[in-house]
Amino acid sequence: MSDHNDRELGMKRNITRRDFLNGVAVTAGATLMPWHLLAADDSDPQKSPAYYPPALTGLRGSHPGSFDAAHSLRDGTFWDAAGTPQDTGETYDLIIVGGGISGLSAAHFYRKAAGANARILILDNHDDFGGHAKRNEFRVSNRTLIGYGGTYSIESPEPYSAVAKSVIEELGIDVTSFPKYLDRNLYGSMGRVPKIFFDKETFGSEKLVDDPCPFPGGETYDLAVAGPNAWANFMAEAPIAELARKDVSRLCREKKDYLPQLNAEQKKARLARISYAQFLTELAGVHGDVIRLYQTISQTLFGVGIEAIAALDAAETGYPGFSGMGTEPAALSNERSYFFHFPDGNASIARLLVRNLIPEAIPGNSATDVVTAKANYAKLDERTSPVRIRLNSTAVRVKHAGDPARATDVEIAYARGGKVYTAKSKNCILACWHVVIPYICEELPQKQRDALASAQKVPLLYSNVLLRNSAAFQKLGANSIYAPGGYHTHVDMDLPVSIGEYRCPRAQDEPLVVHMSKAPCRAGLPARDQHSLGRIELYSTTFETIERKIREQLARTLGPGGFDPARDIMAITVNRWPHGYAYEYSSLWDKFVLEGGETPCEIARKPYGRITIANSDAGAYAYTDEAINQAWRAVGELTKS
Ligand SMILES: Cc1cc2nc3c(=O)[nH]c(=O)nc-3n(C[C@H](O)[C@H](O)[C@H](O)COP(=O)(O)OP(=O)(O)OC[C@H]3O[C@@H](n4cnc5c(N)ncnc54)[C@H](O)[C@@H]3O)c2cc1C
């Protein structure tokens, strides 16, 4: 419950209009922009010069208007009110459903195989391209600050494949050059270190304490280095039992084998069958306060708490307690050696792909100038261009024209601006979320549709908050805050990356974008049930509620540093992803992981006539390289004959 009333929190401030705060002007766009009002003609809002989704604040990600057609298809009501589809008369070599990194990569690969004149249409239900690779912009005075609304960085526990690497290289991204753009010492030199916020509801008293042992989950990569006095501060100040503090020290600092009687293979088999919470309680024998402390460390990475992730996954992620077990995470070193973070995350990859496909849409010619390049959305869907990207367009029916084994065409119907249109194509790639496919492509075999339907995604909330300055963070000596009991479990300053013309905020009096993340879930239930309930929660929570949570959390956490939410919060963009990460199989919840056999994603991604299937769901792996790998496979299946 809140200790603050709405006035103190600044809930009444109209942060979404042009506003002046202590001499700083912020243009934060408009919430719920009615695009049809901008349209030159009402079927093509993208053509309006005012159409610029990255600058919108309020509820983004799966924004209002993006999912209504798909949900009404799911509910069986769509065709009752849809009317007769209008034939656009358009024909293509390839229509791609889904304009995320997988769909855009599919267009890239197809052009390489079929030639630059191949005619391609990409449909996406959102008002922006990129899918989870989402750019948020904030205008403050004469400056644009950039945030990531989804996919954060090039990184992967598995090495990037040759195919995925070649795309990154063709786009001009030199991953090895990343250290040049990152001011690695900035936060450390300013005395800002990772902290833990202990809240009184969970821990009995409220305190910001040094995090002596920061773990993957926050977004600060290898800047998540504990402060020089972190252990002393934690041992003296953390409001948990003394035994629990000692347990944390043991888990993080001692090399101890909690299964000495087993060899390495037996250990892995055991750890695959118990949860991380069980490992900590039953094998490491920690105090209950340690579980309270670590319960949510895994949420933003796995979508669930430590009671629902396998201990083996925890070990491979680098969570505490495994350093003496011989289960060291080889994968982590890979994740760190192939890493690149743009200020808008992997939205820069999406933008570079779009530039490659439709050069007029994004000016410039390098992977560094793309950071500040302003996309021209009017150029995305030009009749004269071989590649077209049509936004605000939900595919609602994908069907071969005749027998799939012999048909020469696929007909795609899509909903846009309250109407349904059709277009024809020789080939179709479904690069959209797999749970949607059974509803739009009913001709697929039932077994495949069931497998597709099982790819329930992991819900996530990525909120970007524009702050007037970072004075409170400076006073408290914080750059990232893990909040085990918080609505958002992580509050992070972005990595200080300056690239191309973009300069990241450095001084404490400069405005900055703070990133807050959350994975809605229900501890104690099987993982998929947790994700379903989290998805419902995200769809049914209003922006106002999330705004209040953000203001309360920042007020409580940063208040002792002089933070005033009513004064210091200038804009909020909430990227809600009810369908977030691809579901990754878990040895705790998915029998086939231990027993072997064909996995659901292998069944789901089988080609069918002239239709093939991409998306990171097709590899059950929530990473950009997988989105690219699956696009490569899907294009290969169409072009191999
Ligand atoms: C919050 C978040 C953070 C992430 N962070 C990282 C990270 O740091 N690094 C990393 O490698 N990966 C990360 N991922 C994983 C990320 O999903 C992948 O990296 C990749 O961006 C997925 O691309 P995709 O094209 O497969 O899917 P998506 O990006 O989801 O694109 C699919 C598109 O299809 C659209 N679509 C669905 N149905 C229809 C329809 N019927 N008609 C038209 N369009 C439709 C969707 O709306 C979406 O726009 C993150 C994911 C999320 C959600």
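Residues numbered from 1 in each chain as written. Predicted model: local features only at pLDDT ≥ 70, side-chain atom pairs only at ≥ 80, totals over all residues. Heavy atoms only, no water.

(A) Structural detail: the nonpolar core. With 74 residues, the main nonpolar core has I96, F129, I154, I173, L380, I389 and I429 as its most contacted residues. Apart from the residues lying within four places of it in its own chain, the contact partners of I154 are Y160, I168, I173, V175, Y338, F339, F340, N346 and I349. Of all hydrophobic cores here, the second largest spans 43 residues; its members include A244, C252, Y258 and I274. (Core = buried A, V, L, I, M, F, W, Y, C linked by side-chain atoms within 4.5 Å. Buried < 20%, exposed > 50% of the residue type's maximum accessible area, 1.4 Å probe, protein only. Contact = heavy atoms within 4.5 Å.)

(B) Expanded view of the packing of aromatic side chains. The final tally for this structure, using the stated rule, is 26 aromatic pairs. Between Y148 and Y152 the ring centres are 4.9 Å apart and the planes differ by 55°, which places this aromatic pair in the tilted class. On the basis of relative accessibility, which here comes to 5%, the residue Y152 falls in the buried class. Centre to centre, the rings of F279 and F322 are 4.4 Å apart; their planes meet at 20°, and the pair counts as stacked. Taken together, the residues span a long stretch of sequence, with F279 in helix α13 (residues 276-283) and F322 in the loop between α16 (311-317) and α17 (330-337) at a distance of 43 residues. Its relative accessible area of 0% is what places F279 among the buried residues. Here F322 falls in the buried class, since its relative accessible area comes to 4%. Three or more aromatic residues link up through ring pairs in this structure, and these residues are Y148, Y152, F178, Y181, F339, F340, F342 and Y462. Residue placement shows K165 over the ring face of Y338; its charged tip is 5.1 Å from the ring centre. Across from the ring centre of W231, 4.2 Å away, lies the NZ or CZ of R253, which sits over that ring. (Phe/Tyr/Trp six-rings, centres within 6.5 Å; stacked < 30°, edge-to-face > 60°. Helix = DSSP H or I, 4+ residues; strand = E, 2+ residues; numbered from the N terminus. Lys NZ or Arg CZ within 6 Å of the ring centre and 35° of its normal.)

(C) The site of the ligand, seen in detail. Around the ligand, the surrounding shell holds 35 residues, and the nearest of these are D124, N125, H132, W433 and T624. Between N615 and the ligand, the recorded distance is 3.1 Å, taken from a side-chain N or O atom to an oxygen atom. In the complex, the protein chains occlude 98% of the 980 Å² of accessible area that the ligand would expose alone. Where the shell around the ligand is concerned, the elements lending two or more residues are α5 (101-114), β11 (394-400), β14 (458-467), β18 (569-581) and α27 (624-639). Across the shell around the ligand, the residue classes tally to 16 nonpolar, 17 polar and 2 charged. (Near = heavy atom within 4 Å. Polar contact = N/O pair within 3.5 Å; in protein donor to acceptor, adjacent residues only side chain to side chain. Areas by Shrake-Rupley, 256 points an atom, 1.4 Å probe, with all protein chains shown as cover. Nonpolar A, V, L, I, M, F, W, Y, C, P; charged D, E, K, R; others polar.)

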